Amino acid sequence: MGHKGKPGLFGKFFSVLSGKPDESREDDTPEKSPYAPKEEEPIDLRFVQTYTQNGGHFLYCETLEEAYINVKKICTEAKIQHLFTPEQSISSSLKKLDLPVQENNPSISDGICTTCEALVAFNGGIMVTDYQLGIYKISELPETHILLARTSQVVDS
């Protein structure tokens, strides 16, 4: 009865529960051919890598409240005195954090906070539309742009 083969279903189950490493996994994985297609990283990770390589800064937040708190910290660190927020949903939430929000005058603002349409993994780009920017052109807006987005907005291209 001292046979040492591959563990059965219950053996695997109990080794997982006990936290023991599963030695059979190493034997089950076939060698990859050098001609096999490369496994791609998750799309959100590709976006973050490309975006940060291009000079952007990125913070991952688990909740919307955490994101708003980070916006406040960014404003403090970047010494933003007036934050332009053309979107009403963002504006009302940031006012609750006692941030000096400007809703209609980007010319006196040090930064802008908006949402976006999409985060593009291919080039690390961010797609914004007139929904986020209102009647203003990018050249009329402050240089520091704080963007609130969800991982579901990441697209390949």
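Residues numbered from 1 in each chain as written. Predicted model: local features only at pLDDT ≥ 70, side-chain atom pairs only at ≥ 80, totals over all residues. Heavy atoms only, no water.

Chemist: Can you lay out the nonpolar core for me, pointing to particular residues and giving the numbers?
Modeler: Within the largest apolar cluster, 13 residues are counted, with the highest numbers of intra-cluster contacts made by V71, C75, L83, L94, C113, I146 and L148. Contributions of two or more residues to this core are made by α4 (64–77) and α5 (88–95). No other element matches the four residues that α4 contributes to this core. Sequence-distant contacts of I146, that is, excluding residues within four places in its chain, are made with V71, I74, C75, I80, L83, I112, C113 and T114. (Core = buried A, V, L, I, M, F, W, Y, C linked by side-chain atoms within 4.5 Å. Buried < 20%, exposed > 50% of the residue type's maximum accessible area, 1.4 Å probe, protein only. Helix = DSSP H or I, 4+ residues; strand = E, 2+ residues; numbered from the N terminus. Contact = heavy atoms within 4.5 Å.)

Chemist: Describe the sheet that holds strand β2 (residues 101–102), with residues and values.
Modeler: Across a sheet, paired strands are connected by hydrogen bonds in the backbone, their directions being either parallel or antiparallel. Read from one edge of the open sheet, four strands run β2-β1-β3-β6, paired in parallel fashion. Each edge of the open sheet is held by one strand with a lone partner, namely β2 and β6 (144–147). Note: strand β1 (residues 83–84) against strand β3 (residues 111–114), two bridges, orientation parallel. Across the sheet, F84 pairs through a bridge with I112, a residue of β3. Along the sheet, α4 contacts β1, β3 and β6; its crossing angle with β6, the most-contacted strand, is approximately 165 degrees. (Pairing = 2+ DSSP bridges. Axes fitted to C-alpha atoms, helices over the stretch in contact; angles between N-to-C directions.)

Chemist: I'd like a rundown of the packing of aromatic side chains, residues and numbers included.
Modeler: Counted by the stated rule, this structure contains two aromatic pairs. Arranged with centres 5.3 Å apart and planes meeting at 20 degrees, the rings of F47 and Y51 form a pair that is stacked. Residue F47 and its partner Y51 are located together in helix α3 (residues 43–53), separated by four residues, close to a single helical turn. Assigned by exposure class, F47 and Y51 land together as buried. Residues F84 and Y136 carry aromatic rings whose centres are separated by 5.4 Å and whose planes lie at 90 degrees to one another, so their mutual orientation is edge-to-face. (Phe/Tyr/Trp six-rings, centres within 6.5 Å; stacked < 30°, edge-to-face > 60°.)

Chemist: Describe the sheet that holds strand β7 (residues 154–155), listing the residues and the values that go with them.
Modeler: One open sheet accounts for three strands, arranged β5-β4-β7; its pairing is mixed. Edge strands, defined here as strands with exactly one partner in the open sheet, are β5 (125–127) and β7.

Chemist: Quick one: what's the story with unusual backbone geometry, residue by residue and with numbers?
Modeler: The phi angle of most residues is negative, glycine excepted, and most peptide bonds adopt the trans form. The phi dihedral of K79 is positive, around 55 degrees, even though this residue is not glycine. On the secondary structure map, K79 appears in the loop between α4 and β1. Residues other than glycine seldom take positive phi values, yet D98 does so here, at roughly 60 degrees. Following the sequence through the fold, D98 ends up in the loop between α5 and β2. What makes D98 exposed here is its relative accessible area of 67%.

Shape is all these values report; function is a separate question.
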